[in-house]
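Observations on chain architecture
As a plain string of letters, each chain reads:
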Amino acid sequence: MLDAPVSQLSALVRGRKPGYSLDAPFYTAPAIFDADMEAIFARHWIYVGVEPDVPEAGDVMTVDVGKASVLIARDDDGAIKAFHNVCRHRGARLIDDEKTSVGNIVCRYHSWTYDLTGALVHAPHMGSSFDASCNGLKSVHLRSLEGLLFVCLADEPPADFDVMAARIGPYIAPHKVRDTKIAYQSDIIEMGNWKLAMENNRECYHCDANHPELTVPLFAYGFGFAPEEMDPIDLENAQRYEALRQTSHSQWEAMGLPSREIDELDTMVTGFRTERLPLDGDGESHTMDTRVACRLPLGALTNAKLGGLSFWTQPNSWHHFLGDHIVTFAVFPLDAGRTLVRTKWLVNKDAVEGVDYDIERLIEVWTATNAQDSALVAMCQSGVQNPAYEPGPYSPNTEMLVEKFCRWYIGRMTGFLDQ
Amino acid sequence: MLDAPVSQLSALVRGRKPGYSLDAPFYTAPAIFDADMEAIFARHWIYVGVEPDVPEAGDVMTVDVGKASVLIARDDDGAIKAFHNVCRHRGARLIDDEKTSVGNIVCRYHSWTYDLTGALVHAPHMGSSFDASCNGLKSVHLRSLEGLLFVCLADEPPADFDVMAARIGPYIAPHKVRDTKIAYQSDIIEMGNWKLAMENNRECYHCDANHPELTVPLFAYGFGFAPEEMDPIDLENAQRYEALRQTSHSQWEAMGLPSREIDELDTMVTGFRTERLPLDGDGESHTMDTRVACRLPLGALTNAKLGGLSFWTQPNSWHHFLGDHIVTFAVFPLDAGRTLVRTKWLVNKDAVEGVDYDIERLIEVWTATNAQDSALVAMCQSGVQNPAYEPGPYSPNTEMLVEKFCRWYIGRMTGFLDQ
Amino acid sequence: MLDAPVSQLSALVRGRKPGYSLDAPFYTAPAIFDADMEAIFARHWIYVGVEPDVPEAGDVMTVDVGKASVLIARDDDGAIKAFHNVCRHRGARLIDDEKTSVGNIVCRYHSWTYDLTGALVHAPHMGSSFDASCNGLKSVHLRSLEGLLFVCLADEPPADFDVMAARIGPYIAPHKVRDTKIAYQSDIIEMGNWKLAMENNRECYHCDANHPELTVPLFAYGFGFAPEEMDPIDLENAQRYEALRQTSHSQWEAMGLPSREIDELDTMVTGFRTERLPLDGDGESHTMDTRVACRLPLGALTNAKLGGLSFWTQPNSWHHFLGDHIVTFAVFPLDAGRTLVRTKWLVNKDAVEGVDYDIERLIEVWTATNAQDSALVAMCQSGVQNPAYEPGPYSPNTEMLVEKFCRWYIGRMTGFLDQ
């Protein structure tokens, strides 16, 4: 009912000090949360899931983005479409479950019935003057990036999705998301603002002290460091890691696997970043012994030692593509202080659980890491609401991507306020 | 503390599109909920219960209407009076329980004591300058309509209660509410706005798909239909139903039971509607076999086949009077998204449980129906908060009374805003 | 985000009717709760605990005051210091537990490390341009009053703490708080505004009807009374009590124990009151048989019959010093309708549980009394939110200190609004 206090938000956005964490209201104020939902989540491409979430005709997935609920359905021709999950009659939510399978989409309230193209095909007792063609489901923009599904709630979505797709597509394509199945999904609610969840994802400065499992496959030198603080042995190791990275990139690219960094995190509306990085130990996967978790490789990949291809998008996702499985993360804000983090583990669709892969082994590293991150995010939320909190400095060596997230966010809010 | 954003509410009220469901903020905005409590629930006659709720001198019932709490007590002369349930000393809530029996009303905090006429009869240590006569309980307007209790929190209640009472009294009187007892009460909290709970009650368009139990005694043709959608057999059945309705009205009125429709739902401040309708099957009651649930009839009724007399009031009640029992429903808004629905089943006060009636059988149809309605209301609340929701069209054949509820509500809000 | 509706708060503050309870918004409005946190709890001396909460070097206690969290630590030199419990890097809460013991204070997020003087001694990867000396913990004003710890979140705390300390110090000193240990602590959340919790503490008008345990050691005549309501026998008993009080004061003061009333509850910014009062029965302690609960006396006290020294402070504490133990209470507002009441029972630090004292016996009276008070506060909160509530009159005989609390509060809010 109340207009957002635009002038105060505007002052906070303009007053942001580069290189420092955001002012407290960005993490705690319900009015800024509402502005985030309108300016960021209702106007950008939001990662929501993968094509294997709706593998068959009639399969439907629902996903809530802020107060919106989107229904993603595969129709009889195999096309995937997205609609608002709300009946055009009295506004009932059409489908409650996250996953289901239907012939038509039937509202339980008064049996209004829509087909999988969104057309209203049955609305009893509405009389002869009623025009069903004006009462079909409202559609939502949907794009599939090699099997990764993004929706945009705006009438005119950011056009640079195509630019991202063209550049990142060749990196992802060999892992063939469309030929996978979802082996496991976890939903956790982190007790912190969505931006704290994102910022936490955008640095590994905290990994050494908090992620004993994740740091088995990941090289510590990949997290960044201050050279002036290192002793000669450390520096030599870091140089050795950098040489390995360059050599690996060359080898992988020779195999037809694009690997070198692309970073458009704060230079595009649809900000993203990618790079394929070598792994420690046997170098095969994000597992506790760094060997593959699934015996069947993804797609046509034949060599297990492909490192880990990471793909980050603004505002709400990150993904790790290994040779044998994919781990993909979506962040859904719930309110100023709560965020849903949804993780899916994908394996070759022909892999058999218990034969080709063991669920516990597959999910072990990221289940532990997610729980640790959740505790860190809650610790931050608890701290930033303290009146004594003031924005602190980011490390120029280890928190560059956090800074890029903040810069992207502030830029997008500026654009929203200026329009 | 904040003034309601009157101009925005006013724009929404004036902008309501007739024949369509209400704009989302009417169902979701806390500021409009507060306005509803002030404009509707604090200024109209609110149904709260029945005389048999306080059968004996000293019996007290408390009922919360919005943030108000009202204490309804039968005094030593048998008169029923209503007071605000708050001590005049430090503001403590006087009685917590929904039902109790007392000599005087004693505040547990400092023992201030009021008699059942509301007079302060004891206030220790207040000193000689204290005037007890200025510190009695504040009274609340109370009216009994043949045993149905209505309160009004306003200083000057709507005067047309008497008009409603004069017209509806003869319909209800033969069922003798005052000679009943409460066989069972259920309180359920529906996860939706109170207006969604009321709108759901004001149509049976949804009955066919959702209420397998209720549609045993109720005729489907009574719910309304679009003639142009019906085949010849359906139409002939509908005509047969209409003939039965007319015949039944004539027979019942000849027995001294007024039965024909009165509809003042959107034409009076104290809006109401009534009609006695034939029942399907054996036609006796709202039970799974359509036979009476209680062997003792109500009042002096001798014929069991009396159909069902329904009585609806704005803003918060509906009632079904059968030959053997009465089911009465009160709606109490809790917040923008939660509503208490209180149902009481009344039988002849001389009926003996287990002998004359079986509780499970008595409450079976409406317990199931309430649970189904609760799920529908929650489904609507979930949908209308979706930013993609927009008001949808009511069926001119099956949702006329929903439209009347909305028209009454918008009219009363307009009056409130114009004053 | 929103400015407090200062003009409305100002009108309520100016409109307060002396001798009557406060207007409802003071107990229920979130905006006034926020103002209370800013005007009262962020600008006055708040009682938070006792020196024995952090007995050893490295011991740390955290206490939340509104949205602030304060970390109280004893350093290696035995000095107690207070800091804001928030990391200067990304704002993480540093210590979650209420009590812990540390070498340094290490943020779990990125290992920033502070010593017990608050200095930042380690911040990896921050680079050569980073100045650790600008990033130490922010300190909080802390004072110990003979072992009772008070903090003030303001930059410039009220100066009259010293006046209070000089006057009350000699009363408390003989009980030697620093030589005690915490035998038991209870935290209860009362479902009412913090001012209702305080007002409830500031009178014993309610004791007779609600506290059967507390009225064993306490004399009913000490609660105040209206002489005109008493019969001759009552009056004679009251006079006898008054004579005992005077005699006891003289005896105790001759023993070096200051005992006579000091009342500055509404005459100082740091308002307080004290008096040592005789106890009923054997007159030794707040126990069910009025005998000591701990065989070892406090400090150098030798006579058990020392009555009970009470010490009340604005805005959030009260304390009872007996010969054998101390009970100390702190009130921490959680939101407009919830308040944490923390009670600590202290005994001689050399006392052995099970030998010198029994926990159940020690805490029996105040555990029961706290539970009873909690129910009364909830009953009041439920009542004052009723739109029918209006401020009621305080008894001039039994609620003088409640009036002083309200007067102090209104005075402090006036000062805040006028600045």
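Residues numbered from 1 in each chain as written. Chains lettered and ligands numbered in written order. Predicted model: local features only at pLDDT ≥ 70, side-chain atom pairs only at ≥ 80, totals over all residues.

Concerning the overall build of chain A
When helices and strands are counted, chain A shows nine helices and 17 strands. For 419 residues, the compact-globule estimate of 2.2 N^0.38 gives 22 Å, and chain A sits close to it at 23 Å. Across its three principal directions, the C-alpha atoms of chain A cover 85 × 55 × 35 Å. Relative to all contacts within chain A whose residues are 6 or more apart in sequence, the contacts with residues 24 or more apart total 66%. (Helix = DSSP H or I, 4+ residues; strand = E, 2+ residues; numbered from the N terminus. Rg over C-alpha atoms; globule rule 2.2 N^0.38 Å. Contact = placed C-beta atoms within 7 Å.)

Looking at the nonpolar core
The biggest cluster of nonpolar side chains holds 321 residues, and the ones touching the most others in it are A:V48, A:V70, A:I72, B:I72, C:V48, C:V70 and C:I72. The contact partners of C:V48, leaving out residues within four places of it in the chain, are C:V63, C:V70, C:I72, C:L149, C:F150, C:V151 and C:A330. Grouped together as the second largest cluster of nonpolar side chains are five residues, C:C204, C:C207, C:L218 and C:F219 included. (Core = buried A, V, L, I, M, F, W, Y, C linked by C-beta atoms within 7 Å. Buried ≥ 20, exposed ≤ 12 C-beta atoms within 10 Å, placed from the backbone.)

Brief notes about the interface of chain A and chain B
Contact with chain A, which involves 26 residues of that partner, is made by 32 residues of chain B. Tallied by class, the residues present in the side of chain A that touches chain B amount to ten nonpolar, ten polar and six charged. (Nonpolar A, V, L, I, M, F, W, Y, C, P; charged D, E, K, R; others polar.)

Description of the sheet that holds strand β2 (residues 59–65) of chain A
For sheets, the rule is that strands pair by backbone hydrogen bonds, running either parallel or antiparallel. Residue and element names in this part refer to chain A. Taken in spatial order, the seven strands make up an open sheet running β1-β10-β9-β4-β3-β2-β5, and their pairing is antiparallel. Each edge of the open sheet is held by one strand with a lone partner, namely β1 (46–50) and β5 (99–101). Taken over all neighbouring pairs, the strand axes of this sheet differ in orientation by 30 degrees on average, direction set aside. As defined by bridge partners, strand β9 (residues 139–145) adjoins strand β10 (residues 148–152) across five bridges and the pair is classed as antiparallel. Considered in β10, the bridge of L142 is made with V151. (Pairing = 2+ DSSP bridges. Axes fitted to C-alpha atoms, helices over the stretch in contact; angles between N-to-C directions.)

Quick notes on the interface of chain C and chain A
Interfaces are often described in size by the accessible area the parts lose on coming together. Residue-level contacts link 26 residues of chain C with 32 residues of chain A. Residues belonging to the side of chain C that touches chain A are distributed by class as follows: ten nonpolar, ten polar and six charged.

Structural notes on the relation of the copies chain A and chain B
Expressed as a screw operation, the relation of chain A to chain B combines 0.1 Å of axial shift with a rotation of 120 degrees, fitting to an RMSD of 0.0 Å. As the rotation angle and translation indicate, the two copies are arranged about a three-fold axis. (Least-squares fit on C-alpha atoms with pLDDT ≥ 70 in both.)

As for the domain arrangement of chain A
When cut into domains, chain A gives domain 1 (50–157) and domain 2 (160–418). In this complex, domain 1 of chain A contributes 13 residues to the contact, which on the side of domain 2 of chain A involves 16 residues. (Domains from an automatic or database assignment.)

Observations regarding the sheet that holds strand β7 (residues 113–114) of chain C
All names here are of chain C. Taken in spatial order, the three strands make up an open sheet running β6-β7-β8, and their pairing is antiparallel. Here the strands that pair on one side only, and so sit at the sheet edges, are β6 (105–106) and β8 (120–122). Examined bridge by bridge, β7 and β8 share two bridges and lie antiparallel to one another. Its bridge partner being in β8, T113 is matched across the sheet by H122.

Observations regarding the pairing of strand β16 (residues 325–335) of chain B
Successive side chains on a regular strand alternate, one facing one side of the sheet and the next facing the other. Residue and element names in this part refer to chain B. Counting buried positions over the eleven residues of β16 gives nine, a clear majority of the element. The sheet contact formed by strand β15 (residues 317–321) and β16 spans five bridges and is antiparallel. Counted as the bridge partner of H319 is T328 from β16. Between β15 and β16, which pair antiparallel one after the other, the connecting turn spans three residues. Pairing analysis gives ten bridges linking β16 to strand β17 (residues 338–348), with the strands arranged antiparallel. Across the sheet, the residue bridging to I326 is L346, located in β17. Two successive antiparallel strands, β16 and β17, enclose a turn made up of two residues.

Comments concerning the packing of helix α1 (residues 6–14) of chain A against helix α9 (residues 400–418) of chain A
All names here are of chain A. For the pair α1 and α9, interaxial distance at closest approach is 10 Å and the crossing angle is 145 degrees. In this structure, the crossing between α1 and α9 has a hand that is left-handed. Side by side, α1 and α9 meet where V6, L9, S10 and V13 of the first sit next to I410, M413, T414 and L417 of the second. Here the residues of the contact of α1 with α9 sort into six nonpolar, two polar and no charged. (Left-handed = near helix turned anticlockwise from the far one by under 90°.)

With respect to α1(A)
All names here are of chain A. Taken residue by residue, α1 has L9, L12 and V13 as its buried positions. Mapping the buried residues of α1 onto a view down its axis gives an arc of 100 degrees, with all of them on the same face. Exposed residues on α1 whose side chains face more than 90 degrees from its buried face are S7, A11 and R14. (Arc of directions from axis to C-beta.)

Here we look at unusual backbone geometry
Residue and element names in this part refer to chain A. Q314 connects to P315 through a cis peptide bond whose omega is 0 degrees. As for its position among the elements, P315 is in the loop between β14 (308–313) and β15 (317–321). Phi angles above zero are rare outside glycine, and T290 is one such case at about 60 degrees. Take T290: it is sitting in the loop between β13 (272–277) and β14. Classification of T290 as partly exposed rests on a count of 18 C-beta atoms within 10 Å.

Remarks on the environment of B:Y47
Residue and element names in this part refer to chain B. Summarising the element assignment, Y47 is placed in strand β1 (residues 46–50). Residue Y47 is classed as buried on the basis of its 24 C-beta neighbours within 10 Å. Along the backbone, Y47 and S111 are 64 residues apart, and their C-alpha atoms lie at a distance of 31 Å. Setting aside residues no more than four positions away along its own chain, Y47 makes contact with L148, F150, T313, N316, S317 and A330.

Observations regarding the packing of helix α5 (residues 194–201) of chain A against helix α8 (residues 359–384) of chain A
Residues and elements named next belong to chain A. Taken N-terminus to C-terminus, the directions of α5 and α8 make an angle of 125 degrees; their axes are 10 Å apart at the nearest point. Judged on the interaxial angle alone, α8 and α5 are oblique. Between α5 and α8 lies a crossing of right-handed hand. Touching L196, A197 and N200 of α5 are D373, L376, V377, C380 and Q381, all from α8. Here the residues of the contact of α5 with α8 are counted per class, giving five nonpolar, two polar and one charged. (Parallel < 35°, antiparallel > 145°, perpendicular 65-115°, else oblique.)

Side note on the environment of C:T339
Note that C:T339 resides in strand β17 (residues 338–348). Sequence separation of C:T339 and C:W112 is 227 residues, and the distance between their C-alpha atoms is 33 Å.

Brief notes about the confidence of the model for chain A
Counting all residues, the mean pLDDT for chain A is 96, and 99% of those residues have values of 70 or more. This complex was scored by the predictor with a pTM of 0.95 and an ipTM of 0.95. (pLDDT = per-residue confidence, 0-100.)

A look at the environment of B:A11
Residues and elements named next belong to chain B. Tracing the sequence through the fold places A11 in helix α1 (residues 6–14). Of the residues examined, A11 has 11 C-beta atoms within 10 Å and is grouped as exposed. Between the C-alpha atoms of A11 and P170, which are 159 residues apart in sequence, the distance is 42 Å.

Remarks on the pairing of strand β10 (residues 148–152) of chain C
Residue and element names in this part refer to chain C. With five of its five residues buried, β10 lies for the most part within the structure. Of the two faces of β10, the one carrying L148, F150 and C152 and the one carrying L149 and V151 are both buried. Pairing of strand β1 (residues 46–50) with β10 involves four bridges; the strand directions are antiparallel. Paired with Y47 across the two strands is F150, which belongs to β10.

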